[in-house]
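# Residue-level structure breakdown
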Amino acid sequence: MASTTSMVARRAFAAASQAGHDGGSVKTWKILSFVLALPGVAVCMVNAYLKMQHQHDNPEFVPYSHLRIRTKKWPWGDGNHSLFHNPHTNPLPDGYEGPHH
């Protein structure tokens, strides 16, 4: 026997599934797309652009003995760079590779 809450939830979901047949849900989603989604994408683009304009320097390199331990070479490239190495943010065991360009 089903509980009262599950019956109420079942009726609510059944009623919600039938509500879209009058075409109102298409209009609602179109309005939501233009009012919420597009401005949200625009705000994210502006945020990314502003973050890209901000220049920052790498922190001073401190060669801690427990970081960047190489017991054997990587099987690709020169053996010192990881597979997803980024020379702007990832230092090698002896420090950063060079200045930003």
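Analysis parameters
- Residues numbered from 1 in each chain as written.
- Predicted model: local features only at pLDDT ≥ 70, side-chain atom pairs only at ≥ 80, totals over all residues.
- Heavy atoms only, no water.
- Helix = DSSP H or I, 4+ residues; strand = E, 2+ residues; numbered from the N terminus.
- Buried < 20%, exposed > 50% of the residue type's maximum accessible area, 1.4 Å probe, protein only.
- Contact = heavy atoms within 4.5 Å.
- Patch = residues over 30% accessible without salt bridge, like charges linked within 9 Å, V, L, I, M, F, W, Y side chains within 5 Å.
- Areas by Shrake-Rupley, 256 points an atom, 1.4 Å probe, with all protein chains shown as cover.
- Salt bridge = Lys/Arg side-chain N within 4 Å of Asp/Glu carboxyl O.
- Polar contact = N/O pair within 3.5 Å; in protein donor to acceptor, adjacent residues only side chain to side chain.
- Phe/Tyr/Trp six-rings, centres within 6.5 Å; stacked < 30°, edge-to-face > 60°.
- UniProt positions renumbered as here; feature names shortened; annotations may be inferred.
- Expected span 1.5 Å × (residues − 1).
- Bend = angle between axes of the 7 residues up to and from the residue.

Secondary structure summary: the protein contains 2 helices and 0 strands in total. Taking all 101 residues of the protein together, 4% fall into the buried category. Intrachain contacts of the protein at a sequence separation of at least 6 include 33% that bridge at least 24 residues.

All right, on to a nonpolar patch on the surface then. Among the surface-exposed residues, Trp29, Ile31, Leu32, Phe34, Val35, Leu36 and Leu38 lie close enough to one another that they form a single nonpolar patch of about 750 Å² accessible area. One can find Ile31 in helix α2 (residues 24–53).

With respect to the helices, strands and loops of the structure, His81 is situated in the segment after α2. Taking the C-alpha atoms as reference, His81 lies 7.3 Å from Leu92; in sequence the two are 11 residues apart. Contact partners of His81, with chain neighbours within four places excluded, come to Trp74, Trp76, Leu92 and Glu97. At 2.9 Å, the side chain of His81 and the side chain of Asp78 are in polar contact.

The phi angle at Arg68 is positive, at roughly 55°, despite the residue not being glycine. Mapped onto the elements, Arg68 comes out in the segment after α2. Overall, Arg68 belongs to the partly exposed group, its relative accessible area being 25%.

A full pass over the atoms with the stated rule returns 2 aromatic pairs. Seen in terms of ring centroids, Phe61 and Tyr96 are 6.3 Å apart; in terms of plane orientation they differ by 80°. Their pairing is edge-to-face. With Phe61 in the segment after α2 and Tyr96 in the segment after α2, this pair connects stretches of sequence that are 35 residues apart. With a centroid separation of 5.4 Å and 20° between ring planes, the pair formed by Trp74 and Trp76 is classed as stacked. Since its relative accessible area comes to 31%, Trp76 is described here as partly exposed.

In this numbering, the UniProt entry assigns the feature "transmembrane region" (unreviewed entry) to residues 31–50. Note that residues 31–50 is 100% helix and 0% strand, and that its end C-alpha atoms are spaced 28 Å apart.

The terminal C-alpha atoms of α2 lie 43 Å apart, and with 30 residues this matches the ideal 44 Å at 1.5 Å per residue to within 8%. Where α2 bends most, at Ser33, the angle is about 35°.

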